[in-house]
Amino acid sequence: MNEEFLSKAVSLARKSIENGGGPFGAVIVKDGKIIAETSNSVTLDNDPTAHAEVNCIRQACKKLGTFMLDGCDIYCSSEPCPMCLSAIYWAHIKTIYFAANRKDAAWGGFDDDFIYKELDLDPKDRKIPSFNALREQGREVFSVWNNYDNKIRY
């Protein structure tokens, strides 16, 4: 763990507030070098997915020319929300370091705990109800995928 990188993420979060963004920053490091550094731009970009971690993953992938960030670490000003945590897993990032935890974020008005709880519910019982329909048609796509010779696994 490198405190300098974590301090950089916190500094990005602080600067984001001054620029009209949310109070979150992230830095992705590979082999001891910063590959990407960004902050939250949800309100600036009118994009609910523009969290610091997602922005940083996008930037790092573009810079490295890959969708896999294995061998990289991410430093976050705050514990990643469920969406960002999922993106970090999908990107195969090696290690997550964060400063504030999710309770600190909730104290600041960003309470992600309800999303963590929603994930444990049956889809039809969630706050945004979800319904499974046309399953066979949907499943057929995976059959095509399974038989596709030129697929790139991820």
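This text goes with the structure placed above it.
The rules we used
Residues numbered from 1 in each chain as written. Predicted model: local features only at pLDDT ≥ 70, side-chain atom pairs only at ≥ 80, totals over all residues. Heavy atoms only, no water. Pairing = 2+ DSSP bridges. Helix = DSSP H or I, 4+ residues; strand = E, 2+ residues; numbered from the N terminus. Axes fitted to C-alpha atoms, helices over the stretch in contact; angles between N-to-C directions. Contact = heavy atoms within 4.5 Å. Expected span 1.5 Å × (residues − 1). Buried < 20%, exposed > 50% of the residue type's maximum accessible area, 1.4 Å probe, protein only. Right-handed = clockwise from strand over helix to strand, strands pointing away. Parallel < 35°, antiparallel > 145°, perpendicular 65-115°, else oblique. Left-handed = near helix turned anticlockwise from the far one by under 90°. Nonpolar A, V, L, I, M, F, W, Y, C, P; charged D, E, K, R; others polar.

**Points about the pairing of strand β2 (residues 33-39)**
One ladder, built from six bridges, connects strand β1 (residues 25-30) with β2; its direction is antiparallel. Across the sheet, the residue bridging to K30 is K33, located in β2.

**What about the sheet that holds β2?**
Within the open sheet, the four strands sit side by side as β2-β1-β3-β4. Their pairing is mixed. Strands at the two margins of the open sheet, each flanked by one partner only, are β2 and β4 (95-100). Within the sheet, the average angular offset between the axes of one strand and its neighbour, ignoring direction, is 15 degrees. Along the sheet, helix α1 (residues 3-18) contacts β1, β2, β3 (72-78) and β4; its crossing angle with β1, the most-contacted strand, is approximately 150 degrees.

**Topic: helix α3 (residues 52-64)**
Side chains of residues three or four places apart in an α-helix project in the same direction, reflecting 3.6 residues per turn. Under the 1.5 Å per step criterion, the end-to-end length of α3 is 18 Å for 13 residues, consistent within 8% with the ideal 18 Å. Among all positions of α3, only A52, E53, V54, N55, C56, I57, A60 and C61 are buried. Packing partners of the buried residues in α3 comprise β1, β2, β3 and α4 (82-90). Looking one or two residues beyond α3, the residue adopting positive phi is G65, at roughly 70 degrees.

**Points about the pairing of β3**
With respect to burial, β3 is a largely interior element, seven of its seven residues being buried. Pairing geometry for β1 and β3, over five bridges, is antiparallel. Along β3, the bridge assignment pairs A26 with C76. With α4 bridging β3 and the parallel β4, this β-α-β connection has right-handed handedness.

**What to know about unusual backbone geometry**
Even without a glycine there, the phi angle at D31 is positive, about 55 degrees. Tracing the backbone shows D31 in the loop between β1 and β2. Unlike most non-glycine residues, L134 shows phi in positive territory, near 50 degrees. Tracing the backbone shows L134 in the loop between α6 (113-119) and α7 (135-147).

**Things to note about the packing of α3 against α4**
Packed helix pairs are specified by the crossing angle of their axes together with the interaxial distance, meaning the distance between the axes. It is at 8 Å that the axes of α3 and α4 come closest, and there the two elements cross at 25 degrees. Our classification of the angle between α3 and α4 gives roughly parallel. Crossing hand, α3 versus α4: left-handed. Residue-level contacts link E53, V54 and I57 of α3 to M83, C84, A87 and I88 of α4. Counted by class, the contact of α3 with α4 contains six nonpolar, no polar and one charged residues.

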